[in-house]
Amino acid sequence: MNFEITGKTKLTALLGSPVAHSISPQMHNEAFRQIGLDYIYLAFDVNPENLKTVVMGLKTAGICGFNLTMPLKVHIIPLLDELTPAARLAGAVNTVIIKDQQMIGHTTDGIGYMRSVSDAGYHIIGKKMTLLGAGGAATAICVQAALDGVASIDIFKRKNNSWDKVNAFCTQVTSETGCVVRLFDIENHSLLAKSLSESAILTNATNLGMAPDISCSPIPDITMLHKDLIVSDIIYNPKETLLLKQAKKQGCATFNGLYMLLYQGAAAFSCWTGKEMPIEIIKKKYFSN
Ligand code: NAP
């Protein structure tokens, strides 16, 4: 397909550090090309210290939106005019739209995860989730699952200095969404086993199992994984973590984080362009599982 940068080409971007490894520029530029949109997506290596200068410069130059990755998802918030309810609850932004000079912060990580669940053919609305970890990705998933109607979420994390903040987050999500979100110590193995026995889905949103430490699993005993449990890992490198291997052995349905990555990008694409990303083409080209 013919693709030329013109005087009218609209700019979108990824800001973060590092960004050189990101697949987002390929995904978005191919999607723009496939459906004939006069947009371009570039990656800029930006750190928290120069974020304000970069964002104000891009806004003045007429950028129509951008993504944020590590370590900028929280630093961007004071620079924005508005937040969606999900971004406000999660306390993090990965997508900004600029409209009428107003910068609006969205979070699409949770949308991406929930779409990856339904894409894999599972229905978890009205059911219980056990969520491991309470970092940026975990909180985005928790908020979106709660907003979408998951009945209850048990979060397991380490009892460290972020414990009180996460506890307050759980109280706030519970009171604003009606989904019961509770926090537990990840070292409390009997409560973890009980939570898993009651849950429809387990979501690993910790770093445990991510390359290069591929011999780690967040589960202390694989018999905790019952065959009716859907086991998902948001890690996509490696494609099959030790947790997913253990779950398969126990007869569980499993999926990894590749399509969460695809669908968070697709949601950002729609925010900027008002069009659907050509999912099947992008999936085939960049996200083969
Ligand atoms: P983050 O904000 O740094 O959070 C990391 C989480 O992992 C924290 O909750 C932390 O627990 C937990 N953790 C780390 N080491 C641990 C250990 N030894 N034992 C128990 N818990 C441990 O990172 P993030 O951005 O949320 O990313 C988390 C993972 O998700 C990464 O592997 C990342 O690649 C993946 N991810 C995937 C996608 C996708 O699209 N598929 C998107 C974003 C992230 P504490 O709270 O107890 O400190």
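Owing to the predicted nature of the structure, the values given are computational and were not obtained by experimental measurement.

What counts and what doesn't
Residues numbered from 1 in each chain as written. Predicted model: local features only at pLDDT ≥ 70, side-chain atom pairs only at ≥ 80, totals over all residues. Heavy atoms only, no water. Helix = DSSP H or I, 4+ residues; strand = E, 2+ residues; numbered from the N terminus. Rg over C-alpha atoms; globule rule 2.2 N^0.38 Å. Contact = heavy atoms within 4.5 Å. Areas by Shrake-Rupley, 256 points an atom, 1.4 Å probe, with all protein chains shown as cover. Near = heavy atom within 4 Å. Polar contact = N/O pair within 3.5 Å; in protein donor to acceptor, adjacent residues only side chain to side chain. Nonpolar A, V, L, I, M, F, W, Y, C, P; charged D, E, K, R; others polar. Core = buried A, V, L, I, M, F, W, Y, C linked by side-chain atoms within 4.5 Å. Buried < 20%, exposed > 50% of the residue type's maximum accessible area, 1.4 Å probe, protein only. Axes fitted to C-alpha atoms, helices over the stretch in contact; angles between N-to-C directions. Left-handed = near helix turned anticlockwise from the far one by under 90°. Pairing = 2+ DSSP bridges. Right-handed = clockwise from strand over helix to strand, strands pointing away. Phe/Tyr/Trp six-rings, centres within 6.5 Å; stacked < 30°, edge-to-face > 60°. Lys NZ or Arg CZ within 6 Å of the ring centre and 35° of its normal.

Undergrad: Honestly, the overall build of the protein chain in this entry has me stumped. Any pointers?
TA: Looking only at helices and strands, one finds ten helices and twelve strands in the protein chain. The C-alpha radius of gyration of the protein chain comes to 19 Å, within 12% of the 19 Å expected for a compact globule of 289 residues. Projected onto its principal axes, the C-alpha positions of the protein chain cover 60 × 40 × 35 Å. In the protein chain, the share of contacts with a sequence separation of at least 24, taken over all contacts with a separation of at least 6, comes to 70%. Looking at the protein chain as shown, the accessible area adds up to about 13,300 Å², and 53% of this sits on carbon and sulfur atoms.

Undergrad: I keep staring at the site of the ligand and nothing clicks. Help me out?
TA: Close contacts around the ligand come from 19 residues, with Ala-134, Ala-137, Lys-157, Ile-234 and Gly-257 the closest. Here Gly-136 contributes a backbone N or O atom positioned 2.9 Å from an oxygen atom of the ligand. Within the side chain of Lys-157, one N or O atom sits 2.8 Å away from an oxygen atom of the ligand. Protein contacts shield 77% of the accessible area of the ligand, which totals 910 Å² for the unbound molecule. Put simply, the parts of the chain that give the shell around the ligand at least two residues each are α5 (136-148) and α9 (258-273). When the residues that make up the shell around the ligand are grouped by side-chain class, the tally is ten nonpolar, seven polar and two charged.

Undergrad: I tried to follow the nonpolar core on my own but got confused; where do I start?
TA: Across soluble globular proteins, you tend to see nonpolar side chains buried next to one another. Formed by 32 residues in total, the largest nonpolar core has its most connected members in Tyr-113, Met-129, Leu-131, Ile-153 and Ile-155. Counting residues per element, the ones that place at least two in this core are α3 (85-90), α4 (109-119), β7 (128-132), α5, β8 (152-157), α6 (163-177) and β9 (180-185). The biggest single contributor to this core is α5, with six residues. Not counting the four nearest positions on each side in its chain, Met-129 is found in contact with Tyr-113, Ile-124, Ile-141, Ala-145, Val-150, Ser-152, Ile-153, Asp-154, Ser-199, Ile-201 and Thr-203. Counting 23 residues, the second-largest nonpolar core is a separate cluster that includes Met-27, Cys-64, Leu-261 and Ile-282.

Undergrad: Looking at this model, I keep getting lost on the packing of α4 against α5. Mind explaining?
TA: For any two helices packed against each other, the geometry is given by the interaxial angle and the distance between the axes. Taken N-terminus to C-terminus, the directions of α4 and α5 make an angle of 65°; their axes are 7 Å apart at the nearest point. Relative to α5, the crossing made by α4 is right-handed. For the pair formed by α4 and α5, the contact residues are Asp-109, Gly-110, Ile-111, Tyr-113 and Met-114 on the first element and Ala-140, Ile-141, Gln-144, Ala-145 and Asp-148 on the second. Partitioned by chemical class, the residues of the contact of α4 with α5 number six nonpolar, two polar and two charged.

Undergrad: What am I meant to see in the side chain of Asp-109 here?
TA: Of note, Asp-109 is situated in helix α4. Look at Asp-109 and you get buried, because its relative accessible area is 9%. A polar contact of 3.3 Å, which involves the side chain of Asp-109, links it to the side chain of Asn-94. Dropping the residues within four chain positions of it, Asp-109 is found in contact with Lys-73, Asn-94, Ala-140, Met-260 and Gln-264.

Undergrad: Would you explain the environment of Tyr-236 in this entry?
TA: Mapped onto the secondary structure, Tyr-236 falls in the loop between β11 (230-233) and α8 (242-249). Its relative accessible area of 40% is what places Tyr-236 among the partly exposed residues. For the pair Tyr-236 and Ala-90, spaced 146 residues apart in the sequence, the C-alpha separation amounts to 22 Å. Those residues in contact with Tyr-236, other than ones at most four positions away along the chain, are Gly-257, Leu-258 and Leu-261.

Undergrad: Where do I start with the pairing of β11 in this structure?
TA: On any regular strand, side chains alternate: one points to one face of the sheet, the next to the other face. Side-chain alternation along β11 places Ile-230 and Ser-232 on one buried face and Val-231 and Asp-233 on a second face that is also buried. Strand direction decides the pairing type here: strand β10 (residues 201-204) and β11, joined by four bridges, are parallel. Opposite Ile-201, over in β11, you have Ile-230 as the bridge partner. With three bridges connecting them, β11 and strand β12 (residues 253-255) associate as parallel partners. When the sheet's bridge partners are listed, Ser-232 is paired in β12 with Phe-255. One crossover worth recording links β11 to the parallel β12 by way of α8, and it is right-handed.

Undergrad: Quick question: what am I supposed to make of the packing of aromatic side chains here?
TA: One pair of aromatic rings is described through two measures. These are the centre distance and the angle between the planes. A complete count under the given rule lists seven aromatic pairs for this structure. With a centroid separation of 6.3 Å and 25° between ring planes, the pair formed by Tyr-113 and Phe-255 is classed as stacked. With Tyr-113 in helix α4 and Phe-255 in strand β12, this residue pair connects regions lying 142 residues apart in the sequence. Here Tyr-113 matches Phe-255 in class, with each residue buried. Here the aromatic residues Phe-32, Tyr-39 and Phe-269 are joined through ring pairs into a cluster of three or more. Lys-159 extends its terminal NZ or CZ atom over the ring of Trp-163, reaching a point 5.2 Å from the ring centre. When the ring centre of Tyr-259 is taken as origin, the NZ or CZ atom of Lys-283, which lies over that ring, is 4.6 Å away.

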